[in-house]
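# Examining the three-dimensional arrangement
Given next are the chains, with one letter for each unit.
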Protein chains: 2
Amino acid sequence: MSKGLPKRSEDYSLWYNELVKRADLAENSAVRGCMVIKPYGYSIWEKMQAELDRMFKETGHTNAYFPLFIPKSYLSKEASHVEGFAKECAVVTHYRLKNAEDGSGVIVDPEAKLEEELIVRPTSETVIWSTYKNWIQSYRDLPLLVNQWANVVRWEMRTRLFLRTAEFLWQEGHTAHASAKEAMDETVQMMNVYAQFAEEFMALPVVKGRKTENERFAGADETFCIEAMMQDGKALQAGTSHFLGQNFAKAFDVKFATKEGGLDYVWGTSWGVSTRLMGALIMAHSDDNGLVLPPKLAPHQVVIVPIYRGEAELEAISVKAKEIMSQLRKAGISVKYDDRDTQKPGWKFAEYELKGVPVRIAMGPRDLENGTIEIARRDTLTKESFVLAEMSLVEKIGGLLEDIQANIYKKANDFRIEKTTEVNSWEEFIEVLENKGGFVSAHWDGTTETEEKIKELSKATIRCIPLDRKEEVGACVLTGKPSNGRVLFAKAY
Amino acid sequence: MSKGLPKRSEDYSLWYNELVKRADLAENSAVRGCMVIKPYGYSIWEKMQAELDRMFKETGHTNAYFPLFIPKSYLSKEASHVEGFAKECAVVTHYRLKNAEDGSGVIVDPEAKLEEELIVRPTSETVIWSTYKNWIQSYRDLPLLVNQWANVVRWEMRTRLFLRTAEFLWQEGHTAHASAKEAMDETVQMMNVYAQFAEEFMALPVVKGRKTENERFAGADETFCIEAMMQDGKALQAGTSHFLGQNFAKAFDVKFATKEGGLDYVWGTSWGVSTRLMGALIMAHSDDNGLVLPPKLAPHQVVIVPIYRGEAELEAISVKAKEIMSQLRKAGISVKYDDRDTQKPGWKFAEYELKGVPVRIAMGPRDLENGTIEIARRDTLTKESFVLAEMSLVEKIGGLLEDIQANIYKKANDFRIEKTTEVNSWEEFIEVLENKGGFVSAHWDGTTETEEKIKELSKATIRCIPLDRKEEVGACVLTGKPSNGRVLFAKAY
């Protein structure tokens, strides 16, 4: 199975595409830019959803569902939003088909033209704020803390599975508050929720920061983000949280009676992560043998493969394997027992390596005699023989899964640190970007003009202004003009 | 809050619409026929989803995700499918907007016209079978047991919240098998899963049956369904499971190498339930005071309302209330404590009646003195004073929730039995339909012609041929021609 997976060092991009397909994560569909998320890929996404959903609920949010379609005129209501979102959209113009008169199939019925075209949501601020207008009258109705899990469509010209697709799945939180401070606190809180999820569950270290004005969400006063580093030295924006100020409240006339008896526009936030996280997860940890999954998100944490000749051996091994499986399952560890007789053990080993199962247990007749099993870990590709009588298996495997989770985080974190370089001149900037890649930490004069000039010259963008940056006086790496702190540049997905 | 809810006996339809809105379940959006599912309504849907998803997984299915868009030509590939589904669809014709030259907003960019129009999925058989073609080569790839949770769009002219909306949420299972028998077993199994879900969780008794050829899913060889009876005597189809034969396999050329070395088309099934179940749940149990929710699907099973004057009383009651809350939560019972000081107890009582919370606990200062609480149940609207020292509160409330679940099922079941009438003449048929409503069990000669004539004359359709019907020789209620068993007619949603 993994035979022929391209090497990362030779063609990272091809390696990624092939891995996504061969590990049964996703594939392209017949519709340009739309993907099919296959069962194995979807089961990882479900695990992500479950944890995120729990975290959203623990922070007081509830789920709801808003329409797929947005009247075209809504997009024009918030001035900067329309600039950012009204362009590459799927547009519904008709609501009926009919049989072609020549019997060749179906055609669009020209008489079923919509009075106003509908846009397939690229994001839902407009439709949600037009709804909030009716939900919010008084400070008693605030805060409104709502999330939705949904599909959205942005007509991207160049698509890549999970990273950039015309249709993708995501969650979008949309909250409304009585004060700017409360809305800002919410914005920061959700960025922190995303960072915690990325680090604890995806084993993905991230930099928390603010976007520059130029990179902000269309319609936001401030955008916070988490940025991750991929193995090819390119950055990936893994989640964003926007402070919308009163922009959408003004665009949709959402006012509330304040506690003090006045009338004011509501303050808003929105925040989202998408199936793009799948791309980040794959690219951050996997190797030339296939996926490497963090145990906390792996559909199967353990796979047991029997090694046998003939029915009798299989039966004897299966008794023991099922005993082990039941022990592990009781402890909350997910286990698959692969006793298919259509494939050989070697094939199965390669298959589960490709699919990133964190722990593989192999059991042969000699193991049965000796009371041992062979335990292999996916992250380090190391094996050991384990004597079942020596310690509790649940403790052993539980400990191993924790180790793996911690180890792949550490590996990714070490890599990110190694790939973050402070530079102080333009020559250095270009040299590092071209030869080493990664995050380049440099002074910037704070103007959009310089930011765009740097992008033009180097293809690097400002990923974020890190929240934990030092206040430090310096000179802009391009213009030499004064700067009061470093920002992170990188080429990015 | 519930003041002014219309009475069922006066205007059932208005009662339903008002209840859905006032209980914060859903509302119409600005886009014709598309609804907003509000947080309270969505939290009931989430509970349904969780149970159904568990049942699907227990029967071996996994989730996946297929594209929202279907190329127009796909719909024409299965001859009868196109007749049933290619008509009232949302059609995407363009992929870009641009700013109007007069600055009035955005317009559709005429240059961004799609070569082939895309249809927003009304159901996904076509796009899924076109994908299965690549997933299935051999009997080893079968069965393929996949489900997807998704939104779909059917451009309905007359819409009603949950019951019939242009966009709705649903799950659609799509399975592929090596034999007709296996596919038929799957079809029947999923009908049974739906029936079990309806009865155990929704407390909704259903009739299991087959659809007539006329009422079958477009592209199926056989459609099974579960049919429920609403309080106004109209039937509601609550779920369908289709045996697709080899129809979609032939349309999309999906063949497999058989175990015996041959090559054959794959056998298929599809099955789905939707947010329509929300409509069924609401209409089956609720009363003139508002929603009545089965405890197994209620977002909050218990609400505690403190009755107090002044801070000190509230504090004393809160200590006890939180103790109770923590006891109940530990036992897995969901509890809300409503200590808002913005609303009076009477208002809260009406509010939770409207929202169908199964059990309400009230605590006043005298209760605190006496070691009692007042327990009210939503289904019967009865109250009792409960002495906390007398028995375990967890046992008491747990038992009560089970009672309520059983009681509302029994009530709905008694109603359905009462509303099912055997008739043997056309006069009786019309008389019962017009005055009593409900299911009319009658002989039918088995022809589509008669079925349509009856529909034309009475507005009743054949809801199903019940699986458990007696073999019984009789005469068709309309034509007098021979029949070998009764079918269920009803006016339906």
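An account of the accompanying structure is given in this report. (Residues numbered from 1 in each chain as written. Chains lettered and ligands numbered in written order. Predicted model: local features only at pLDDT ≥ 70, side-chain atom pairs only at ≥ 80, totals over all residues.)

## Observations regarding the overall build of chain A
The test is simple: Here a helix means four or more residues in a row that DSSP labels H or I, a strand means two or more in a row labelled E, and each is numbered from the N terminus. Based on C-alpha atoms, the radius of gyration is set beside the globule rule, defined as 2.2 Å times the residue count to the power 0.38. Three exposure classes are used. Buried residues have 20 or more other C-beta atoms within 10 Å of their own C-beta, exposed residues have 12 or fewer, and partly exposed residues fall in between, all C-beta atoms being placed from the backbone. Note on contacts: each residue gets a C-beta atom placed from the backbone, and two residues are in contact if those atoms are within 7 Å.
Looking only at helices and strands, one finds 14 helices and 27 strands in chain A. For 493 residues, the compact-globule formula gives about 23 Å, and the C-alpha radius of gyration of chain A, at 26 Å, lands near that figure. The dimensions of chain A, computed from C-alpha atoms along their principal axes, are 80 × 70 × 55 Å. Residues counted as buried form 48% of the 493 residues belonging to chain A. The long-range fraction of contacts in chain A, counting pairs at least 24 apart against all pairs at least 6 apart in sequence, stands at 67%.

## What to know about unusual backbone geometry
Residue and element names in this part refer to chain A. Of note, the amide linkage connecting L142 to P143 takes the cis form, showing an omega dihedral of -5°. Mapped onto the fold, P143 is located in the loop between α5 (125–135) and β9 (144–153). Although it is not a glycine, A203 adopts a positive phi angle of roughly 55°. Note on placement: A203 falls in the loop between α6 (180–200) and β11 (207–210). Given 27 C-beta atoms within a 10 Å radius, A203 is considered buried.

## Examining the relation of the copies chain A and chain B
Just so we agree on the cut-off: Copies overlap after least-squares fitting; the atoms used are the C-alpha atoms of residues with pLDDT of at least 70 in both.
With an RMSD of 0.0 Å, the fit of chain A onto chain B corresponds to turning through 180° and sliding 0.0 Å along the axis. In short, the pair behaves as if placed about a two-fold rotation axis. When C-alpha distances to the rotation axis are compared across chain A, the minimum falls at V92 of chain A, with a value of 2.1 Å. Taken as a fraction of all interface residues of chain A, those also at the interface in chain B reach 100%, which identifies the copy contact as same-surface.

## A short note on the sheet that holds strand β5 (residues 91–94) of chain A
Worth spelling out the cut-off: Here the rule is simple: two strands pair whenever DSSP picks up at least two bridges between them. Here, axes are lines fitted to C-alpha atoms. For helices the fit covers the stretch in contact, and angles between N-to-C directions go from 0 to 180 degrees.
On the basis of which strands lie adjacent, the open sheet formed by 6 strands has the order β4(A)-β8(A)-β5(A)-β5(B)-β8(B)-β4(B) and antiparallel pairing. Strand pairing shows two members of the sheet lacking a second neighbour, β4 (69–71) of chain A together with β4 (69–71) of chain B, which therefore form its edges. Taken pair by pair, the neighbouring strands of this sheet meet at an average axis angle of 45°, ignoring direction.

## Structural notes on the sheet that holds strand β19 (residues 359–363) of chain B
Residues and elements named next belong to chain B. Strands sit in the order β18-β17-β19-β20-β21 across an open sheet of 5 strands; the sheet is mixed. Among the strands making up the open sheet, the edge pair consists of β18 (335–337) and β21 (382–387). Neighbour to neighbour, the strand axes of the sheet diverge by 25° on average, direction disregarded. Inspection of the sheet shows strand β17 (residues 302–306) paired to β19 by 5 bridges, in the parallel sense. Looking at the pairing, V303 lines up with R360 of β19. In the packing of helix α12 (residues 393–418) onto the sheet, contacts are made with β17, β19, β20 (372–377) and β21, and the angle to β19 comes to roughly 145°.

## Concerning the interface of chain A and chain B
Keep this limit in mind: Throughout, the ten residues Ala, Val, Leu, Ile, Met, Phe, Trp, Tyr, Cys and Pro are labelled nonpolar, Asp, Glu, Lys and Arg are labelled charged, and all others, Gly among them, are labelled polar.
Contacts between the two partners involve 54 residues from chain A and, on the opposite side, 54 residues from chain B. Considering only residue class, the side of chain A that touches chain B consists of 32 nonpolar, 13 polar and 9 charged. Pairing analysis gives 3 bridges linking β5 of chain A to strand β5 (residues 91–94) of chain B, with the strands arranged antiparallel. Considered in β5 of chain B, the bridge of V91 of chain A is made with H94 of chain B.

## As for the packing of helix α9 (residues 310–330) of chain B against α12 of chain B
Residues and elements named next belong to chain B. Put simply, the test is: For any pair of crossing helices, the crossing counts as left-handed if the nearer helix is rotated counterclockwise from the farther one by less than a right angle, and right-handed if it is rotated clockwise.
It is at 10 Å that the axes of α9 and α12 come closest, and there the two elements cross at 60°. Seen along the crossing, α9 lies across α12 with a hand that is right-handed. Residues I324, Q327 and L328 of α9 form the contact with α12, whose participating residues are L393, V394 and I397. By residue class, the composition of the contact of α9 with α12 is 5 nonpolar, 1 polar and no charged.

## Structural notes on the nonpolar core
Using the following cut-off: Only buried residues count toward a nonpolar core: Ala, Val, Leu, Ile, Met, Phe, Trp, Tyr and Cys, linked into one set through C-beta atoms within 7 Å.
One finds A228 of chain A together with A228 of chain B to be the most contacted residues of the largest nonpolar core, which totals 294 residues. Setting aside its immediate chain neighbours within four residues, A228 of chain A contacts A198, L204, V206, A235, L236, A238, A280 and A284 of chain A.

## Details of helix α13 (residues 426–435) of chain A
Residue and element names in this part refer to chain A. Convention followed: In this description, one arc is meant: the one made by directions from the helix axis to the C-beta atoms.
Buried within α13 are the following residues: F429, V432 and L433. Seen from one end, α13 has its buried residues packed into an arc of 95°, which puts them on one side. Seen from the open side of α13, the exposed residues pointing more than 90 degrees away from its buried face are E427, E434 and N435. In this fold, the buried residues of α13 make contact with β22 (420–422), β23 (439–443) and α14 (448–458). Phi for G437, located one or two positions after α13, is positive at around 75°.

## Observations concerning the pairing of strand β9 (residues 144–153) of chain B
Residues and elements named next belong to chain B. Looking at chain direction, strand β3 (residues 62–63) and β9 are connected through 2 bridges and run parallel. Residue T62 lies in a different strand from β9, and its bridge partner there is V146. In this structure, β9 lies alongside strand β10 (residues 167–177), joined through 10 bridges in antiparallel fashion. Each residue of the ladder has a partner; that of W149, found in β10, is Q171.

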